[in-house]
2 protein chains.
Amino acid sequence: MTSKYERANASDGQSRIPDIVIGRLPIYLRSLKILLSQGQTVTNSQELGDRLGISSAQIRKDLSHFGEFGKQGTGYDVAYLCKQLEKILQVDCIWPVVLVGAGNLGHALASYAGFENRGFRIVGVFDNQPDKIGTHVGSLQVEPLTQLPAHVARHHCRIAILAVPTKAAQNVANLLVEIGIKSILCYAPITLNLPEGIRVEYIDPVIHFQHMTYYLEKDCLKT
Amino acid sequence: MTSKYERANASDGQSRIPDIVIGRLPIYLRSLKILLSQGQTVTNSQELGDRLGISSAQIRKDLSHFGEFGKQGTGYDVAYLCKQLEKILQVDCIWPVVLVGAGNLGHALASYAGFENRGFRIVGVFDNQPDKIGTHVGSLQVEPLTQLPAHVARHHCRIAILAVPTKAAQNVANLLVEIGIKSILCYAPITLNLPEGIRVEYIDPVIHFQHMTYYLEKDCLKT
DNA sequence: TAGATTGTTAATCGATTAACAATC
DNA sequence: TAGATTGTTAATCGATTAACAATC
């Protein structure tokens, strides 16, 4: 099995593997882990594609960027493919994540039990509102933003969740970048302006709603 | 201004406007509304593109699917373009949304104040856990799932948020479809299997994290 | 008018799919 | 072996971009 796989990174000007392919791997992994938990040992590109609403050809093509993981006539060993995808995505470990913003959403995220077994652990919760500092969220205690730099350094955090009010988001994001955060998951409904090399992903439910309503018959409440 | 715009829908086999274009319109709208709130009256494709990390050509091309909204030499009237995008996306109104799942995430969503001025209102919260029924979330009271069908009918809901545990998600989704829901925003980390014509969008923070870690230098906690 | 920016075209670029030889 | 499914190629399909005439 010769791996044609070479990691794309900041110093590698020409990334060979399209980002859109990388974006599908976590979906494949999630589905495989469900099969695994159900005790299924073998699957194939057709079955996986049916489950995900993706063509089997696309799944095979995507995987082929990283090596050969299947057997002709048989398909894929579920556990083996899981392991390989985890290695490719670098989630065969636990990444420490800091959470900024201890509002309702921050609480929900800090209490969520589903991070750990998929490669992530929230190691600190930060907020600047005096009445929030010291309160408990999940198994953690809210700390003031002044503690953030030391915490990020101590835990070697590279990933942050931004769950602060919109008006504070850009400034907090700037701070995160200054102290060494490389990837931000932003829950504020805003597009951040940050230097090259910082990766930001966004979660804004309203963006999804507005995408949906384009296709709906209009019988909503008039306002 | 001749509109070449015709809505794509279930009965219209060949949709002329790519879904990927539709998906960018809410981003444009979000950015325009921020400009508007800052008192800016005019913008152009270059400025908007810079803010969003998108080429100006793409913005002009996307908009051109729906009509002509700008002036040569000047650009776009911010308020006018907002209004037009809201009309295209059908968010020049308030859509009633039901929320299923009153856990931490459900609470956060029900309490979120940012839906209303972007076209959405949560009109009901449902859960099956006896200890949750009757409790208050945001300005609403949790009701049992048995009340859901009547509620959806009464409010003409077409959109639902699914914020239940993973193991319950597929069954609740089936129920939602049965009672007339057409669009589901799913927070469970799973790909739902639903009939044609039902639109599902997914929010799973871990998918974003795993996408990010592919590009990170690996110095995470070994486990 | 001169300068700026649109809307649109055509070229380029990239992603998906169909098909099939290889092979388990 | 016969049947099934992979990995890969080449063709198709679709999306993005560069360039510019039109025009405010």
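To be clear, the structure that these remarks concern was listed above.
In this report, we go over the structure that sits alongside the text.

Here is what the cut-offs are and how they apply
- Residues numbered from 1 in each chain as written.
- Chains lettered and ligands numbered in written order.
- Predicted model: local features only at pLDDT ≥ 70, side-chain atom pairs only at ≥ 80, totals over all residues.
- Heavy atoms only, no water.
- Helix = DSSP H or I, 4+ residues; strand = E, 2+ residues; numbered from the N terminus.
- Buried < 20%, exposed > 50% of the residue type's maximum accessible area, 1.4 Å probe, protein only.
- Contact = heavy atoms within 4.5 Å.
- Areas by Shrake-Rupley, 256 points an atom, 1.4 Å probe, with all protein chains shown as cover.
- Lys, Arg positive; Asp, Glu negative; His and termini not counted.
- Charge placed at Lys NZ, Arg CZ, Asp CG, Glu CD.
- Near = heavy atom within 4 Å.
- Polar contact = N/O pair within 3.5 Å; in protein donor to acceptor, adjacent residues only side chain to side chain.
- Nonpolar A, V, L, I, M, F, W, Y, C, P; charged D, E, K, R; others polar.
- Expected span 1.5 Å × (residues − 1).
- Buried area = accessible area lost by both parts, 1.4 Å probe.
- Salt bridge = Lys/Arg side-chain N within 4 Å of Asp/Glu carboxyl O.

Broken down by element type, chain A carries eight helices and 10 strands. Counting all 223 residues of chain A, 51% fall into the buried class. Once local pairs closer than 6 in sequence are excluded, the contacts in chain A between residues at least 24 apart make up 56%. Counting every atom, chain A has about 10500 Å² of accessible surface; 52% of that belongs to carbon and sulfur. Computing the positive centroid from 22 side-chain charges and the negative centroid from 20, chain A places the two 2 Å apart.

Attention now moves to the protein's contact with DNA strand D. Neighbouring DNA strand D are 26 residues; Ser45(A), Arg60(A), Gly70(A), Tyr76(A) and Lys71(B) lie closest to it. The protein-proximal atoms of DNA strand D, defined as those within 4 Å of the protein, are 65% sugar or phosphate. With respect to DNA strand D, the side chain of Glu68(A) contributes an N or O atom lying 3.3 Å from a sugar or linking oxygen. Listed by contribution, the elements that provide at least two residues to the surface near DNA strand D are helix H3 (56–64), strand E2 (70–71) and strand E3 (75–77) of chain A together with helix H1 (19–37) and helix H3 (56–64) of chain B. Looking at the surface near DNA strand D, its residues break down into five nonpolar, 12 polar and nine charged.

So, on to the protein's contact with DNA strand C. Close contacts around DNA strand C come from 26 residues, with Lys71(A), Ser45(B), Arg60(B), Gly70(B) and Tyr76(B) the closest. Across the atoms of DNA strand C situated within 4 Å of the protein, the share located in sugar and phosphate is 66%. Phe69(B) is positioned with one of its backbone polar atoms (N or O) 2.9 Å from a phosphate oxygen of DNA strand C. Within the contact set of DNA strand C, a sugar or linking oxygen lies 3.0 Å away from a backbone nitrogen or oxygen of Gly73(B). Going through the elements one at a time, helix H1 (19–37) and H3 of chain A together with H3, strand E2 (70–71) and strand E3 (75–77) of chain B are the ones with two or more residues in the surface near DNA strand C. The leading source of residues in the surface near DNA strand C is H3(A), at four residues. When the residues that make up the surface near DNA strand C are grouped by side-chain class, the tally is five nonpolar, 12 polar and nine charged.

Looking now at helix H4 (residues 78–89) of chain B. The end-to-end C-alpha distance of H4(B) is 16 Å, a good match for the 16 Å that 12 residues give at a rise of 1.5 Å each. Where H4(B) is buried, its residues contact helix H8 (205–215) of chain A together with H1, strand E1 (42–43), H3 and E3 of chain B. Taking the backbone nitrogen of Ala79(B) as reference, a side-chain oxygen 3.2 Å away marks Asp77(B) as the first, capping residue of H4(B). Looking one or two places after H4(B), you find Gln90(B), whose phi comes out positive at around 65°.

Counting residues at the interface gives 72 residues for chain A and 73 residues for chain B. Both faces combined, the contact of chain A with chain B buries some 7100 Å², and carbon together with sulfur accounts for 63% of it. At the boundary of chain A with chain B, the tally comes to six salt bridges. In this structure, Arg118(A) and Asp204(B) form a salt bridge, with 2.9 Å as the shortest nitrogen-oxygen distance. Of all the elements, H8(A) adds the most residues to the side of chain A that touches chain B, at 11 residues.

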